[in-house]
Amino acid sequence: MVNLEELKKEAAQILKEGKVKYIIGFQRSSNGLLPVPAFIKKPEDVEKLVWDPACVHNLTLFLQDDKNKKTKEKEPDERPVGIVVKGCDSRAINVLLQEEFIKRDDVYILGISCENTGVLDEKKLAKKLKGKKAKKAEFGEKDDFVITTEDGKIKIEAQEVLSERCLECKAHFPVIYDVLIGEKTKRNVEDPFKSLEKTESLPAEERWKFWKEQIEKCIRCYACRSVCPMCYCDECVADTISFVVTPDTPAEEKAQKIKWLEKSPVSSENFVYHFVRAIHLSGRCIDCGECERVCPLDIPVRFLNKKLEKEAKELFDYEAGFDPDKPSLVSSFKDEDPEDFIK
Amino acid sequence: MEKVLLKKDFPQWVKKLESYTIYSPQKEGDFWNYEVTKNSEIIDLDYLNTVLSPKKIVFPQREVLLEFSTSDEDELKVNEVLPEETQSIIFGVRPCDAKALTLTDKVFGGDIKDPYYWKRRNSTTLVGLTCNTPPSSNCFCISVDGSPHSKEGLDILMTDLGDKYYTESFTKKGDALLNLGKALFKTPTAKDKKDLEKIKADSKKKIKRQIKETAKIPPKLKDMFDSSFWDEESLSCIRCGICTYLCPTCHCFDMNDEVTSSSPIQGERVRTWDNCQFPDFTMHSSGHNPRPDKASRLRQRILHKFQYFVELYKNYQCTGCGRCISKCPVGIDIIEVLEKARDHGS
C-alpha cells in the first residue's frame, strides 16, 4: 500500500534541503470529490498533500508553466520542480525528456504506484451511486475503493468505476522516478486497445456518422488541448493568429499569415482541429486520458489518440514514454519500416 | 396570470404550441442540453441543469452577419443577413439562466441595439422552472441577488407541485402561450397557493453553497488589480475556455471574414463566441499582448463579473449557476476565489 506519510516526509525533506523550488502534488478541494493541483513551497504545507483514487490529473502539464516562467526571468531559479506522478504521468515526463522540452535536472520525480488499481471515472462512480454525492474516495484493502457519501462509507470494486485509461494501462507504477512510493506491481492487461473495438468494427459510413455527430458537439473550448502535457507549442494553429507575431513583424508578413481554420464551430473546422490535435500526438500520447475527462460535451477524443497509439504499436512496434533515450517515432527511420499503407 | 396545469396535460399544451419552434432540455448521454424538440412527449422537466445555457439559442456560437461577393466586373456586393423571424419557446429555463439573459440584454441593448441579438431575443418566449431542489451541487444563486424561483427575465414560471405545475405568466408573450392551451389550465385553489409558497420558501434553504457578504467584494476588487493574488489563484488554471463558454452571462465575440471562394471572391462575415481566457483574445497586431498570462486572464474574468459590470450596470455579471465550478478541469472555484479576495489583506 502507498503510505501517504512516506510521501509527505520525502516532500518535506527535499523542501527543507532546498533540493527543489516547489512541489506539484494533489490536495483536497474545498468542494467536490476530485483533489486539485497543489503547489507547495513550504515544508510545513506538505500536510496538504493527498493521494487517493480521485487524483486523476496529470500534473506534468504544469512543467510548461515552469519552463515559460524560467525563460522570462533574468536569473531563474534553476533548481528542479518536485512533481508527484502516477505511472501514466511518468511516461509524459519521458516524452518531454526525449523531445528535450525539459532536462532531467528540471524535475525531481516523486513517483506513486497505482498498485493494482488506478484512478476512478467520476461519471461511472456517479452512476453507481445513483445520485448520492461522493465526498471522498480512498484505496481499499484489496482492489477496491472506499467511497464516502452523505450516508456513510461504501466499498466498490475498483474495476467497476476505474477510468477507461486505467483499464487499458501499460504502466501501473512510474517508469521514471527519483523516489518511488508504494510497490512495483504487475497487472495483466489483456488487450490495451480493447475500447477501440466498438468503433473499429463499424462499417466506414457508420464510423463517419459516429464521429461527425461527436465532433459537431465540439464548442472549441480547447480544454483537450489545454490539459495535454504534450501540447506545448508556443502558438497553436487553432488560434486565429497563426505563428508568432512580434512588434518587428512587418505588416505584409502578418497579412500573409495562413489561417489554418476558422473559429466557427462547424463540422469541417472542428474536424481540422481534432485531427491536427490527434496527429500531432501520434507516437507522443501516453494515454493519461485527461483530454477526454475534461471535455464538457463528453466527446470521446481519447479514441482518436488511442487509434494512433495502436497504429504506432502495430506498424512500428513503438510505444511512447518508456525510453527517453530512444529516438521518437516521427524523428526516426528504419529500412525495415513498413510502407504498404502509403498509397 | 396564475393557473395550474395537471402534469398529464402538459404534453397536450405543448402540442397546441406547434406553430412555435420549441427547445427543451434533452438528455445526451450523461448530460442535458437544449435541443429543438419535435415531440411534446419527450419534454422531461425533471432535469439537471444543461451543460450550455439557453444563451446558445438567443446568442448562437456562430452567426452570419453579412455575405459578400464580387461580380465579374469586380463590383463588390454586400448583403446583410438577419436571423429569420422564428417564434420560439424555450421550456425548462432555470431562473439563473433567465436572469443571465437580462444581463446580456443590457450589453446588446445600449445606445446601439444589436439587431441580430434582438431579433432572436424578441421572438423567444422563456418558460422557466422553479428549482425545487438545486439542479447542481454548485448552485449559489441566492448569493448573487438571485433566487431558485426568480421570475426575472422569464415570461412564464412553472413550479412543480407533484402532480401539477403552478403556472405564473408575467408578460404578454407568456399570456399568449397560456391562452393557446386555455381549456387545460385551471384556477389555482387556496391549497395550491399555499403549496407554492412552501415549495418556494424551501427551495432557497436547499441551496448548499453560498458566497458570504458578496457586497463587500466589488469595492475590494478595485484595489486588487496589481495584486499577486491572481498569480496564486491561477496557478492551476490550464487556460481553457470552459468557464467562459459555459457561462450564461459571458457574451464576448469575435468577427471574421470566412472566404468560401477566392475567385470570384465570395464569403461571409461571421460572429463567433470569443473567450478572454485565450491568448489571442487581447493580442494586438503589433505582437504586444496586454494580458500575457493566465493570472491576468483569471483576473479579467473575475473583475469583469464582480467589478466592471457592477460599476456599469449595478448588477453582478454572475447568476450563480455553478457551471464554471462543476466543469473546471482543475477545480477552480469562483466562490472560493471571491471569498479569498474579500478577505485578502484584511
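Scoring rules and cut-offs
- Residues numbered from 1 in each chain as written.
- Chains lettered and ligands numbered in written order.
- Predicted model: local features only at pLDDT ≥ 70, side-chain atom pairs only at ≥ 80, totals over all residues.
- Helix = DSSP H or I, 4+ residues; strand = E, 2+ residues; numbered from the N terminus.
- Buried ≥ 20, exposed ≤ 12 C-beta atoms within 10 Å, placed from the backbone.
- Contact = placed C-beta atoms within 7 Å.
- Rg over C-alpha atoms; globule rule 2.2 N^0.38 Å.
- Pairing = 2+ DSSP bridges.
- Axes fitted to C-alpha atoms, helices over the stretch in contact; angles between N-to-C directions.
- Nonpolar A, V, L, I, M, F, W, Y, C, P; charged D, E, K, R; others polar.
- Core = buried A, V, L, I, M, F, W, Y, C linked by C-beta atoms within 7 Å.
- Domains from an automatic or database assignment.
- Expected span 1.5 Å × (residues − 1).
- Arc of directions from axis to C-beta.
- Parallel < 35°, antiparallel > 145°, perpendicular 65-115°, else oblique.

### Brief notes about the overall build of chain A
Within chain A, the regular secondary structure consists of 13 helices and 8 strands. Taken over 343 residues, chain A has a buried fraction of 41%. Once local pairs closer than 6 in sequence are excluded, the contacts in chain A between residues at least 24 apart make up 68%.

### Topic: the overall build of chain B
A tally of regular secondary structure across chain B gives 12 helices and 12 strands. Its C-alpha atoms give chain B a radius of gyration of 22 Å, within 12% of the compact-globule value 20 Å for 346 residues. With the C-alpha coordinates aligned to their principal axes, the bounding extent of chain B is approximately 70 × 65 × 40 Å. Sorting the 346 residues of chain B into buried and exposed places 43% on the buried side.

### Some details on the sheet that holds strand β6 (residues 88-93) of chain B
Residue and element names in this part refer to chain B. Strand order across the open sheet formed by 8 strands is β3-β2-β6-β7-β8-β9-β1-β10, with mixed pairing between neighbours. Each of the sheet's edge strands pairs with one partner strand only, and the pair in question is β3 (31-36) and β10 (185-186). Bridge count between strand β1 (residues 2-6) and strand β9 (residues 164-169): 5 bridges; the pairing is antiparallel. Residue K3 lies in a different strand from β9, and its bridge partner there is T167. Across the sheet, helix α5 (residues 172-180) is in contact with β1, β6, β7 (124-129), β8 (156-160), β9 and β10; its angle to β9 comes to roughly 140°.

### Focus: the interface of chain A and chain B
Each partner contributes residues to the interface: chain A has 35 residues there, and chain B has 35 residues. Elements represented by at least two residues in the side of chain A that touches chain B include exactly β2 (36-40) and α9 (223-226) of chain A. For the side of chain A that touches chain B, the element with the most residues is β2 of chain A, which contributes 3 residues. Grouping the constituent residues of the side of chain A that touches chain B by class yields 18 nonpolar, 10 polar and 7 charged.

### Focus: the nonpolar core
Core analysis: the largest hydrophobic core is formed by 160 residues, its most contacted members being A11, I83, A223, C224 and V227 of chain A together with I90 of chain B. Not counting the four nearest positions on each side in its chain, A11 of chain A is found in contact with I23, G25, I40, V46, L49, G82 and L110 of chain A.

### Points about the pairing of β2 of chain A
Residue and element names in this part refer to chain A. Of all 5 residues in β2, 4 are buried; the element is thus mostly enclosed. Relative to β2, strand β1 (residues 23-27) is paired through 5 bridges, and the arrangement is antiparallel. In the sheet register, Q27 faces β2, and the bridge partner there is V36.

### Remarks on the domain arrangement of chain A
Bring the parts together and some accessible area is lost; that lost area is often taken as the interface size. Residue and element names in this part refer to chain A. As far as domains go, chain A holds domain 1 (1-189) and domain 2 (192-343). Computed over C-alpha atoms only, the centres of domain 1 and domain 2 are separated by 25 Å. Taken together, the 24 residues of domain 1 in the interface contact 22 residues of domain 2. Looking at the side of domain 1 that touches domain 2, the elements that each hand over two or more residues are α3 (87-98) and α6 (164-167). In terms of residue count, the dominant contributor to the side of domain 1 that touches domain 2 is α3 (9 residues). Each residue belonging to the side of domain 1 that touches domain 2 can be placed in one class, and the counts come to 10 nonpolar, 7 polar and 7 charged.

### Focus on helix α11 (residues 267-280) of chain A
Residue and element names in this part refer to chain A. When the terminal C-alpha atoms of α11 are compared, their 20 Å separation across 14 residues agrees well with the 20 Å that a helix rising 1.5 Å per residue should span. Within the span of α11, buried status applies to E269, N270, Y273, H274, R277 and A278. Down the axis, α11 shows its buried residues gathered within 165° of arc, on one side only. Residues of α11 that are exposed and point over 90 degrees away from its buried face: S268 and F275.

### So, the domain arrangement of chain B
Residue and element names in this part refer to chain B. Taken domain by domain, chain B consists of domain 1 (2-59 + 83-205) and domain 2 (214-252 + 278-343). Taking only C-alpha atoms into account, the centre of domain 1 sits 28 Å from that of domain 2. Residue-level contacts link 24 residues of domain 1 with 17 residues of domain 2. If you tally residues by element for the side of domain 1 that touches domain 2, the top one is helix α3 (residues 95-108), at 8 residues. Taken together, the residues of the side of domain 1 that touches domain 2 break down into 11 nonpolar, 7 polar and 6 charged.

### Some details on the packing of helix α8 (residues 204-216) of chain A against α11 of chain A
Residue and element names in this part refer to chain A. Running from N to C, α8 and α11 point in directions that differ by 95°, and their axes come no closer than 9 Å. On the basis of the axis angle, α8 is roughly perpendicular to α11. Between α8 and α11, the contacting residues are K212, I215 and E216 on the first element and S267, N270, F271 and H274 on the second. Residues belonging to the contact of α8 with α11 are distributed by class as follows: 2 nonpolar, 3 polar and 2 charged.

### Observations concerning the environment of V36 of chain B
All names here are of chain B. Tracing the chain through its elements places V36 in strand β3. A tally of 11 C-beta atoms within 10 Å means that V36 is categorised as exposed. It is 23 Å that separates the C-alpha atoms of V36 and C250, two residues lying 214 residues apart in sequence.

### Let's talk about the pairing of β3 of chain B
Residue and element names in this part refer to chain B. Strand direction decides the pairing type here: strand β2 (residues 21-28) and β3, joined by 6 bridges, are antiparallel. Bridge pairing in β3 places Y23 opposite V36. Taking the residues that link successive antiparallel strands as the turn, the β2-β3 hairpin has 2 residues, and the phi of G29 there is positive, at about 65°.

### A look at the environment of V85 of chain A
Residue and element names in this part refer to chain A. For V85, the position within the fold is in strand β3 (residues 81-85). The exposure class assigned to V85 is buried, which follows from the 25 C-beta atoms found within 10 Å. Sequence separation between V85 and Y177 is 92 residues; the distance between their C-alpha atoms is 8.5 Å. The contacts of V85, once residues within four sequence positions are left out, are L59, T60, S90, I93, I109, G111, I112 and P174.

### Thoughts on the sheet that holds strand β8 (residues 179-181) of chain A
All names here are of chain A. If you walk across this open sheet you meet the 5 strands as β2-β1-β3-β4-β8, and the pairing is mixed. Edge positions in the sheet fall to β2 and β8, since each of these pairs with one other strand and no more. Strand-to-strand twist of the sheet, defined as the mean angle between neighbouring strand axes without regard to direction, takes the value 30°. Sheet topology note: the β3/strand β4 (residues 107-112) ladder contains 5 bridges and is parallel. When the sheet's bridge partners are listed, V84 is paired in β4 with L110. Strands β1, β2, β3, β4 and β8 of the sheet are contacted by helix α1 (residues 4-16), whose axis makes an angle of about 170° with β4.

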